[in-house]
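# Reading the structure
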Amino acid sequence: MDYAQPHTQKTRNNTDTSTRPDAPSATEAMQAHYTEKLQDSRLRDLFSAQPDRGSTLTLEHDGVYVDYSKNRITSETLSIMQDLLAECDMRGAIDAMFSGVKINTTENRSVLHVALRNPSDSHVTVDGEDVMPVVKKVLQQMTNFARTIRDGSWTGYDGAAITDVVHIGIGGSEIGPHMADEALAQYADTSIRAHFVSNVDPADMQTTLAHLKPSSTLFVVVSKSFTTIETLTNAQAARTWLLDSAPDERAVARHFVAVSTNTDAVSEFGIDPANIFEMWDWVGGRYSLMSSVGLTLMVVIGPAHFGSMLDGAHSMDEHFRTAPFEQNIPITLALLSVLYNNYFGAETELVLPYSSQLGRFTTYLQQANMESNGKSVRVDGSPTQTATGPIVWGTPGTDAQHTFMQHVHQSGRLIPTDIILFKRPYVDSGDQHNLLLSNALAQAEALAFGTTDTELREGGVPEELVAHKRMPGNQPSTTLLLPKLTPYTFGQLIALYEHKIYAQGVLWGINSFDQWGVQLGKTMATTIAAEISSNTPGTHDSSTSTLVSKLTTE
Ligand code: F6P
């Protein structure tokens, strides 16, 4: 599907209405609507014309309330956009994902993270085989393992219980569990601490290990491929650290477990095959938090809370799969994203979780969205004719208000924003939580409506400061209100964004589940690492060659 584009975007070139000469295509109808009704719209006017939009342009599912009224849309916009969904066969795409069709065509893989949280006895097949028995088997294996760590019956080489779990992984094999560990800290067993090491910078591992005791530390090495250089290097460093203190190599089996699809490589590393937690190629790295990749999380929050997270995600999965598109939260968020990205020409999406616990949520969304949708080739290999994945950024409010929100309010750039808030506090805090909530609502209101010069003057602002204090407003935002940050609502939130990302990809006609763009740099790094280690610069461009020489010479 191709969209008409504003100035910042690639131009459209294939609006082919030849099969329906009299009917405008969905994109043409939307383009006309955009030009006539939306392009110059003002949120102040939209609210005056439709005073009840704050209570009508809303959606709700299982406690997740979404207010999308502060978007630059009329009551017709999303109805008109429904035709875009028909044109890209969104219904067929959703059914294909849930039924195990190999929608990740470039890797010939199914995409079934939804099977990880499917509690029913319904079958989900890949290559004619039902995957649900293995999903349940691994979940049980994780549960048994987590219990032995939590009750102290799994001991280190000197018989002491495990107090510290170091999760080693990177990208989708680290960001999700790390983010979730912080988000759900309140549900954690305080006698077991989780640590996360991802960066190949040796400082990451060394600063983590500096305060740990080998005999009570367990390493969970997470790598779907078990070929990722950062993870393997860090795992080797951890092994050396352990064996510096342990009596012999048998300690590795008590102190290392692994999560991977590559069981041969894991065994070669020396990890006991009994301690390998299986992964499958039909779960993408950035969609894998709820698989065995979440083992460390399960150890710290316990199997019951982990199960509750799966239940929350399943609830959102079912909503995405079955809700009519007009009431479908992920679909609506995807359509709004397409509206701003492809019609208004916005290049970024800001996410402001009003929760300090969600400090890593935007990093997580950056990988989830940008690795999925930062592509300019369609599924059939042809170039996309429009902008695709937006740049996702953000930080928790209220911190954001003291860093970049000045820019959002007065730079003049269009920055659509998601504001995430929880009605009840994470921890009991008297009135303090109200201050957090009021800041979230105040930001949304200020972004949408700003202040007029008249209001400034009436408020006594001196004439020479009116231009400086002018708040243009008209910045769109969507508010996501959830009851409380719990494992269940956390699962809902993750699934909500996962499905929004897939729906975006379907609307753009791209494969959201491969990531070929990360390969080239990995290969080059391997070559350069060998040159630096052997002190023999290879052949490169003059910039890279000079830099390599500076590293290989004194
Ligand atoms: O960064 C690229 C990537 O392939 C991610 O998609 C993935 O999450 C990460 O590397 C880690 O891969 P693995 O789990 O195979 O170590």
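Residues numbered from 1 in each chain as written. Predicted model: local features only at pLDDT ≥ 70, side-chain atom pairs only at ≥ 80, totals over all residues. Heavy atoms only, no water.

## Here we look at the side chain of arginine 53
Test applied: Labels follow the DSSP assignment, with helices taken as runs of H or I lasting at least four residues and strands as runs of E lasting at least two, numbered in each case from the N terminus. Whether a residue is buried, partly exposed or exposed follows from its accessible area with a 1.4 Å probe, protein chains only, as a fraction of its type maximum: under 20%, in between, or over 50%, in that order. This count recognises Lys and Arg as positive and Asp and Glu as negative, with His and chain-terminal groups excluded. The term salt bridge refers to a pairing of a side-chain nitrogen on Lys or Arg with a carboxyl oxygen on Asp or Glu at a separation within 4 Å. What makes two residues a contact is simply this: any of their non-hydrogen atoms within 4.5 Å.
Here arginine 53 shows up in helix α3 (residues 53–56). The side chain of arginine 53 is buried and forms no salt bridge, while aspartate 67, the nearest opposite charge, is found at 7.5 Å. When near neighbours in sequence (up to four residues on either side) are disregarded, arginine 53 contacts Leu46, Phe47, Ser69, Asn71, Ile73 and Thr74.

## Some details on the nonpolar core
Quick note on the threshold: As used in this record, nonpolar core signifies buried Ala, Val, Leu, Ile, Met, Phe, Trp, Tyr and Cys residues forming a set joined through side-chain atoms within 4.5 Å.
Of all hydrophobic cores here, the largest spans 116 residues; its most connected members are Met90, Trp282, Leu339, Phe361 and Phe490. Beyond its immediate stretch of four places on either side in the chain, methionine 90 contacts Leu85, Phe325, Ile331, Ala503, Val506 and Leu507. One finds Val221, Ala235, Val252 and Phe256 within the second-largest nonpolar core, a separate group that totals 23 residues.

## Description of the site of the ligand
Note the threshold: Definition of nearness: a residue and a molecule or strand are near each other if at least one heavy atom of the residue lies within 4 Å of the molecule or strand. Here a polar contact is recorded for every N or O atom pair within 3.5 Å, except that within protein the pair must consist of a potential hydrogen donor and a potential acceptor, and residues adjacent in sequence are included only if both atoms are side-chain atoms. For accessible areas, the Shrake-Rupley method is used with a probe of radius 1.4 Å. Any residue's cover is judged against the shown protein chains and nothing else. Note on residue categories: nonpolar means Ala, Val, Leu, Ile, Met, Phe, Trp, Tyr, Cys or Pro, charged means Asp, Glu, Lys or Arg, and polar means any other residue, Gly included.
Ser173, Ser223, Ser225, Thr228 and Glu371 are the nearest of the 14 residues found near the ligand. Serine 223 is positioned with one of its side-chain polar atoms (N or O) 2.6 Å from an oxygen atom of the ligand. Backbone polar atom of lysine 224 to an oxygen atom of the ligand: 2.8 Å apart, as the coordinates give it. Protein contact buries 85% of the 390 Å² of open area that the ligand shows by itself. For the shell around the ligand, a count of residues per class yields two nonpolar, nine polar and three charged.

## With respect to the pairing of strand β7 (residues 217–222)
Filter applied, for reference: The rule for pairing is simple: two strands pair if DSSP sees at least two bridges between them.
Of all six residues that make up β7, six are buried, and the element is covered over most of its length. Where burial is concerned, the two faces of β7 agree: the one with Thr217, Phe219 and Val221 and the one with Leu218, Val220 and Val222 are both buried. As defined by bridge partners, strand β5 (residues 164–168) adjoins β7 across five bridges and the pair is classed as parallel. Within the sheet, the bridge partner assigned to valine 165 lies in β7 and is leucine 218. With four bridges joining them, β7 and strand β8 (residues 256–260) adopt parallel strand pairing. Bridging from a neighbouring strand, phenylalanine 219 pairs with phenylalanine 256 of β8.

## Re the packing of helix α12 (residues 295–322) against helix α13 (residues 329–344)
To keep it simple, the criterion reads: Axis angles are defined between N-to-C directions and span 0 to 180 degrees, where every axis is a line fitted to C-alpha atoms and, for a helix, only to the segment in contact. Orientation categories follow fixed angle ranges, with anything under 35 degrees roughly parallel, anything over 145 roughly antiparallel, 65 to 115 roughly perpendicular, and all other angles oblique.
At a minimum axis separation of 7 Å, α12 and α13 run at an interaxial angle of 70°. Taken together, α12 and α13 sit at an angle that is classed as roughly perpendicular. Where α12 approaches α13, its residues Met316, His319 and Phe320 are matched on the opposing element by Ile329, Pro330 and Ile331. In terms of residue class, the contact of α12 with α13 is built from five nonpolar, one polar and no charged.

## Structural notes on unusual backbone geometry
A cis amide bond, omega 15°, links glycine 397 with the succeeding residue threonine 398. Inspection of the secondary structure puts threonine 398 in the loop between β11 (391–394) and α15 (405–410). Within the chain, aspartate 127 stands out as a residue other than glycine whose phi angle is a positive 50°. Considering the arrangement of structural elements, one finds aspartate 127 in the loop between β3 (125–126) and β4 (129–130). With phi around 55°, phenylalanine 226 is a residue other than glycine that occupies positive phi space. Within the element layout of this structure, phenylalanine 226 appears in the loop between β7 and α9 (229–245).

## Quick word on the packing of aromatic side chains
Which entries qualify depends on this criterion: Aromatic rings from Phe, Tyr and Trp, taking only the six-membered ring of Trp, are treated as a pair when their centres fall within 6.5 Å; an angle between ring planes under 30 degrees marks them as stacked, one over 60 as edge-to-face, and anything in between as tilted. Geometrically, a lysine NZ or arginine CZ counts as sitting over a ring once it is within 6 Å of the ring centre and also within 35 degrees of the ring normal.
By the definition in use, this model includes 17 aromatic pairs. Ring centres 5.1 Å apart and planes at 85° place the aromatic pair phenylalanine 47 and phenylalanine 449 in the edge-to-face group. With phenylalanine 47 in helix α2 (residues 43–49) and phenylalanine 449 in helix α16 (residues 432–449), this residue pair connects regions lying 402 residues apart in the sequence. A residue is classified by how much of its surface remains accessible, and phenylalanine 47, at 18% relative accessible area, is buried. Given a relative accessible area of 18%, phenylalanine 449 falls into the buried group. An aromatic cluster is built from Phe219, Phe226, Trp241, Phe256 and Phe269, whose rings are joined through pairwise contacts. When the ring centre of phenylalanine 269 is taken as origin, the NZ or CZ atom of arginine 239, which lies over that ring, is 5.6 Å away. Directly above the ring of tryptophan 154 sits arginine 254, whose terminal nitrogen or CZ lies 5.2 Å from the centroid.

## A few points about the side chain of asparagine 71
As for its position among the elements, asparagine 71 is in the loop between β2 (64–67) and α4 (77–87). One polar contact links the side chain of asparagine 71 to the main-chain carbonyl oxygen of tyrosine 68, over a distance of 3.0 Å. In this structure asparagine 71 touches Leu43, Leu46, Arg53, Leu336, Tyr340, Pro476, Ser477 and Thr478, once residues within four positions along its chain are discounted.

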